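# Architecture and fold: a report
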Number of protein chains: 2
Amino acid sequence: MQRKQLIENIKTKESFLCVGLDSDINKIPRHLLDCDDPVFEFNKAIIDATAPYCVAYKPNLAFYEATGVAGWISLEKTIKYIKTNYPDQFIIADAKRGDIGNTSALYARSFFEHLDVDALTVAPYMGRDSVTPFLGKEGKWVILLALTSNPGSADFQLIEDNAGEKLFERVIKTAHTWAGKDEIMFVVGATRGKMFEDIRRVAPESFLLVPGVGAQGGSLEEVARYGMTDDCGLLVNSSRGIIFASNETDFAEVAAREAKNLKEQMSRLLAERNIV
Amino acid sequence: MQRKQLIENIKTKESFLCVGLDSDINKIPRHLLDCDDPVFEFNKAIIDATAPYCVAYKPNLAFYEATGVAGWISLEKTIKYIKTNYPDQFIIADAKRGDIGNTSALYARSFFEHLDVDALTVAPYMGRDSVTPFLGKEGKWVILLALTSNPGSADFQLIEDNAGEKLFERVIKTAHTWAGKDEIMFVVGATRGKMFEDIRRVAPESFLLVPGVGAQGGSLEEVARYGMTDDCGLLVNSSRGIIFASNETDFAEVAAREAKNLKEQMSRLLAERNIV
């Protein structure tokens, strides 16, 4: 999906919500376990319930790989289901891949051709040739880890070089020499609140994928205050707070309610900024 | 596999060779494409041919994921085949994973329980809680990216902090506060030659997984000169140089010859150091 289309979808739906499909088979409602493919049944119900309120879905590969072949089957069916029934949804494979050039090229084939998702999260540690094989593919995106929401993010991402520049700032600046705002986004944790100001200094127009609203404690208001651009420039993800809001038979209904609630807050924040 | 057993295997076989199963379906001999599972047939023949000369196998996940479910089936069969027929081989899933705590825990389940490999390569960018869920599992290893062999490795891994310490040194030092030499190894590219001296200053006893000998241009002599410890402390990987040395019907025979050749060099290097 092109940047222009993504922005259009955000305006039309008055939402920049991404629903994280962290569909752990050990956490989905018990009554689904009798189905042939419980994870797919769960995802289908969640997607049907939440699609009116979001612009993106983000399956996290870990939750599919955990069961090996069976998990990959659920993943492929889920992506196909979204593409067939909700073609305006932006699909992010949250896989945090990154390897030497020829290997990254293989991952690119896996995600952008075989699975045909719109975007892939990529880890920057190995540098340029680990990232560039994912670039230059019409309508496809790299979402590079910059400043993540977990406690360990401070171990390396905040290290300052001898010019006082933090590693995550260096990652963003360097990545901008590889490609522009039409094909690179950055992961920035919502728990970072005011740090979005620093991020916007080095990435004034890039889209940011923001996990950590909800279960991880980040505030949507703060993210919007410090991170929103005139094009919105944000995709805010919520996973557990939506998909596991109930694990009874009403799980889809409750997920819809949670997604709608976030969407309404987003709609207001977009209006305050005169984007909708 | 415990460290002690790994060292024992290296001494018995007089080899510290790891064969990389980068089994790209587009590069395997054409005559195998008629089989039901060409990648598995290829791996089986390569494993049978090379097992006498190596102590480890390293399937790179990218080459399996590239074909989705079919690839995962080939991978699972390959791992099972090694475990059943060559239980003394150390199996490394080269996946370069790493995510927030609860997600890394899922990856740990996938690789250490479901696939039941001995070791997993992990990317350090997200810090402590992205790595520790893989630790503390009897006989299982994290192999953390430190200084990789690709050109882009210089982009971030060599950045110096304000105390003059390079990022990869910081990664190694910090990782040692999480776990010791019995469960963490580091990836250090063979193309780095003399830099192994710097690595040994911060990781005097840790095992190093060394890719980049052969196709990527690193020298085995140099790696041994600067990187070998009294326990060997090295696993040197060769992928393309062995598995794609021929892509005719004699591919397994030629792979055996290449592996044997490396094993003989390794045997000599181990003898020079009085390890065997």
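In what follows, the structure referred to is the one given above.
Below: a short report on this structure. Note that the structure is predicted; figures quoted are calculated from it, not measured. (Residues numbered from 1 in each chain as written. Chains lettered and ligands numbered in written order. Predicted model: local features only at pLDDT ≥ 70, side-chain atom pairs only at ≥ 80, totals over all residues. Heavy atoms only, no water.)

A word on the overall build of chain A. Of regular secondary structure, chain A possesses 12 helices and eight strands. For 276 residues, the compact-globule estimate of 2.2 N^0.38 gives 19 Å, and chain A sits close to it at 18 Å. If you line up chain A on its principal axes, its C-alpha atoms span 60 × 45 × 35 Å. Nonlocal contacts in chain A, meaning residues at least 24 apart in sequence, comprise 73% of its contacts between residues at least 6 apart. Of the accessible surface of chain A, which amounts to about 9,600 Å², a share of 45% is contributed by carbon and sulfur atoms. Charged side chains in chain A number 32 positive and 39 negative. The centres of these two groups are separated by 3 Å. (Helix = DSSP H or I, 4+ residues; strand = E, 2+ residues; numbered from the N terminus. Rg over C-alpha atoms; globule rule 2.2 N^0.38 Å. Contact = heavy atoms within 4.5 Å. Areas by Shrake-Rupley, 256 points an atom, 1.4 Å probe, with all protein chains shown as cover. Lys, Arg positive; Asp, Glu negative; His and termini not counted. Charge placed at Lys NZ, Arg CZ, Asp CG, Glu CD.)

Residues and elements named next belong to chain A. Relative to the helices and strands, Ile184 is located in strand S6 (residues 184–188). Note: C-alpha distance between Ile184 and Leu135 (49 residues apart in sequence) is 8.2 Å. Filtering out sequence-adjacent residues up to four positions away, Ile184 remains in contact with Leu135, Trp141, Val142, Ala175, Ala179 and Ser206.

All names here are of chain A. Strand order in the closed barrel made by the eight strands is S1-S2-S3-S4-S5-S6-S7-S8, with parallel pairing throughout. Each neighbouring strand pair of the sheet contributes to a mean axis angle of 30 degrees, computed without reference to strand direction. Helix-sheet contacts for helix H5 (residues 101–114) involve strand S3 (90–97), strand S4 (119–122) and strand S5 (141–147), and the interaxial angle to S3 is about 155 degrees. (Pairing = 2+ DSSP bridges. Axes fitted to C-alpha atoms, helices over the stretch in contact; angles between N-to-C directions.)

For the pair chain B and chain A, the best superposition has an RMSD of 0.0 Å and corresponds to a rotation of 180 degrees with a translation of 0.0 Å parallel to the axis. Taken together, the turn and the small shift mark the pair as related by a two-fold rotation axis. Most of the interface of chain B is mirrored in chain A, where 98% of its interface residues are also at the interface. (Least-squares fit on C-alpha atoms with pLDDT ≥ 70 in both.)

To continue, consider the interface of chain B and chain A. Taken residue by residue, the interface counts 58 residues in chain B and 58 residues in chain A. Buried surface at the junction of chain B and chain A, both sides included, amounts to about 5,000 Å², of which 60% is carbon and sulfur. Note that Glu65 of chain B and Arg97 of chain A form a salt bridge whose closest N and O atoms lie 2.7 Å from each other. Our count for the contact surface shared by chain B and chain A stands at 27 residue pairs in polar contact (both at pLDDT 80 or more). Mapped onto the side of chain B that touches chain A, the elements with two or more residues apiece are helix H3 (62–65), helix H4 (69–85), strand S3 (90–97), helix H5 (101–114), helix H6 (128–131), strand S5 (141–147), helix H7 (153–156) and helix H8 (167–178) of chain B. In terms of residue count, the dominant contributor to the side of chain B that touches chain A is H5 of chain B (eight residues). Considered class by class, the residues forming the side of chain B that touches chain A number 24 nonpolar, 19 polar and 15 charged. (Buried area = accessible area lost by both parts, 1.4 Å probe. Salt bridge = Lys/Arg side-chain N within 4 Å of Asp/Glu carboxyl O. Polar contact = N/O pair within 3.5 Å; in protein donor to acceptor, adjacent residues only side chain to side chain. Nonpolar A, V, L, I, M, F, W, Y, C, P; charged D, E, K, R; others polar.)

Take helix H2 (residues 38–50) of chain B next. One full turn of an α-helix is made of 3.6 residues, so residues set three or four places apart face in the same direction. Residue and element names in this part refer to chain B. In this model, H2 (13 residues) spans 18 Å end to end at C-alpha, consistent with the 18 Å of a helix rising 1.5 Å per residue. Among all positions in H2, only Pro38, Val39, Phe40, Phe42, Asn43, Ile46, Ile47, Ala49 and Thr50 are buried. In this fold, the buried residues of H2 make contact with strand S1 (17–21), strand S2 (56–59), H3, H4, helix H11 (240–243) and helix H12 (251–272). (Expected span 1.5 Å × (residues − 1). Buried < 20%, exposed > 50% of the residue type's maximum accessible area, 1.4 Å probe, protein only.)

Residue and element names in this part refer to chain B. Taken in spatial order, the eight strands line up as S1-S2-S3-S4-S5-S6-S7-S8 and close into a barrel, and their pairing is parallel. Averaged over neighbouring strand pairs, the angle between their axes works out to 30 degrees when direction is ignored. Here four bridges tie strand S4 (residues 119–122) to S5, and the two strands are oriented parallel to one another. Across the sheet, Ala119 pairs through a bridge with Trp141, a residue of S5.

Residue and element names in this part refer to chain B. Burial in helix H9 (residues 195–202) covers these residues: Phe196, Ile199, Arg200 and Val202. Taken end-on, H9 shows its buried residues confined to a sector of 160 degrees, consistent with a single buried face. Residues of H9 that are buried sit in contact with S5, H8, strand S6 (184–188), strand S7 (208–210), helix H10 (220–227) and strand S8 (234–238). (Arc of directions from axis to C-beta.)

Our next topic: the packing of H10 of chain B against H12 of chain B. Residue and element names in this part refer to chain B. One way to put it is that H10 packs onto H12 with a least axis distance of 11 Å and a crossing angle of 30 degrees. Judged by the angle between their axes, H10 and H12 are roughly parallel. In this structure, H10 meets H12 at a crossing whose hand is right-handed. Every residue of H12 that contacts H10 at Leu220, Glu221 and Ala224 is listed here: Leu262, Gln265, Met266, Arg268 and Leu269. (Parallel < 35°, antiparallel > 145°, perpendicular 65-115°, else oblique. Left-handed = near helix turned anticlockwise from the far one by under 90°.)

Another aspect to go through is the packing of helix H2 (residues 38–50) of chain A against helix H4 (residues 69–85) of chain A. Residue and element names in this part refer to chain A. Between H2 and H4, the shortest axis-to-axis distance is 9 Å and the interhelical angle comes to 25 degrees. When the interaxial angle is binned, H2 and H4 end up roughly parallel. Here the hand of the crossing between H2 and H4 comes out right-handed. Between H2 and H4, the residues in contact are Val39, Phe40, Asn43, Lys44, Ile47 and Asp48 and Ser74, Lys77, Thr78, Tyr81 and Ile82, respectively. In the contact of H2 with H4, the residues fall into five nonpolar, three polar and three charged.

Following the criterion strictly, the structure yields 15 aromatic pairs over all chains and no others. On the numbers, 5.7 Å between centres and 20 degrees between planes, the contact of Phe42 of chain A with Phe244 of chain A is stacked. Residue Phe42 of chain A is located in helix H2, and its partner Phe244 of chain A is located in the loop between helix H11 (240–243) and helix H12 (251–272); the two are separated by 202 residues in the primary sequence. Ring geometry for Phe42 of chain B against Phe251 of chain B: centres 5.2 Å apart, planes inclined by 20 degrees, an arrangement best described as stacked. A residue pair is termed long-range when its members are at least 10 positions apart, and Phe42 of chain B in helix H2 and Phe251 of chain B in helix H12 qualify at 209 residues. Accessibility expressed as a relative area gives 0% for Phe42 of chain B, which makes it buried. Residue classification places Phe251 of chain B among the buried positions, given a relative accessible area of 4%. (Phe/Tyr/Trp six-rings, centres within 6.5 Å; stacked < 30°, edge-to-face > 60°.)

This paragraph deals with the pairing of S3 of chain A. Residues and elements named next belong to chain A. The buried fraction of S3 amounts to eight of the eight residues, a majority that puts the element mostly inside the structure. Burial along S3 is two-sided: the residues Phe90, Ile92, Asp94 and Lys96 and Ile91, Ala93, Ala95 and Arg97 are all buried. Bridge analysis of strand S2 (residues 56–59) against S3 gives two bridges, and the strand direction is parallel. What sits directly across from Tyr57, in S3, is Ile91.

Time to look at the side chain of Ser246 of chain B. Summarising the element assignment, Ser246 of chain B is placed in the loop between H11 and H12. In terms of polar contacts, Ser246 of chain B uses its side chain to reach the side chain of Asp250 of chain B, at 2.5 Å.

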